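Next come the chains, spelled out residue by residue.
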Amino acid sequence: MLVIDIEHGVTHVLVTGGAGYIGSHASMRLLKESYCVTIVDNLSRENLGVVNILQELFPEPGRLQFIYADHGDSKAVNKFFAENAFDGVMHFAAVAYVGESTAEPLRYYHKIASNTLVLLEAMASQSYVHWFPCNTIQKL
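Residues numbered from 1 in each chain as written. Predicted model: local features only at pLDDT ≥ 70, side-chain atom pairs only at ≥ 80, totals over all residues. Heavy atoms only, no water.

**Student:** I'd love a proper account of helix α5 (residues 105-125), names of residues and values included.
**Tutor:** A rise of 1.5 Å per residue sets the reference length of α5, with its 21 residues, at 30 Å; its end C-alpha atoms lie 30 Å apart and thus fit the reference within 8%. Within the span of α5, buried status applies to Y108, I112, N115, T116, V118, L119, A122 and M123. With its buried residues spanning 145 degrees around the axis, α5 presents them on a single face. Residues L106, H110, A124 and S125 are exposed on α5 and point more than 90 degrees away from its buried face. Phi for S127, located one or two positions after α5, is positive at around 60 degrees. (Helix = DSSP H or I, 4+ residues; strand = E, 2+ residues; numbered from the N terminus. Expected span 1.5 Å × (residues − 1). Buried < 20%, exposed > 50% of the residue type's maximum accessible area, 1.4 Å probe, protein only. Arc of directions from axis to C-beta.)

Have a look at this one:
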């Protein structure tokens, strides 16, 4: 069950990490529920295949947009916030390999925390209030 609802004015949702497994499923569900979706992903662990499939399933103009960007790049983040009117943000972007995260936990924490902070700062500057954090940090 989605926690956002069109009746409360949320119609265009930004999905970070939307080319990943969980993010792509959330994007599909949003699209099925008639939301407009913008996927932002740096494709560091994914590829455009899932985005292409979503675009084939939902070909209507304006329903699905893909932006190749890293949500830790403040210039890119501020640009896509300035060029779009998002009503909500679902944040799935993260690095999530257990072997790497246990070998280099500080690098993982830093990347996840600092990149999320960039996203939150951009949202705050645009007065975005609908925030749906969906990523997790593994406790060691």
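**Student:** Tell me what's going on with the pattern of salt bridges, and back it up with residues and numbers.
**Tutor:** Pairs can form between side chains of opposite charge once their charged atoms are near each other. Evaluation of the coordinates by the stated rule reveals six salt bridges. Taking the shortest distance from any N to any O, the salt bridge between E100 and R45 comes out at 2.9 Å. In this pair, E100 sits in helix α4 (residues 98-103) while R45 sits in the loop between β2 (36-41) and α2 (49-57), placing the two residues 55 residues apart along the sequence. Among the ionic pairs, K79 bridges to E83, the shortest N-O distance being 3.1 Å. (Salt bridge = Lys/Arg side-chain N within 4 Å of Asp/Glu carboxyl O.)

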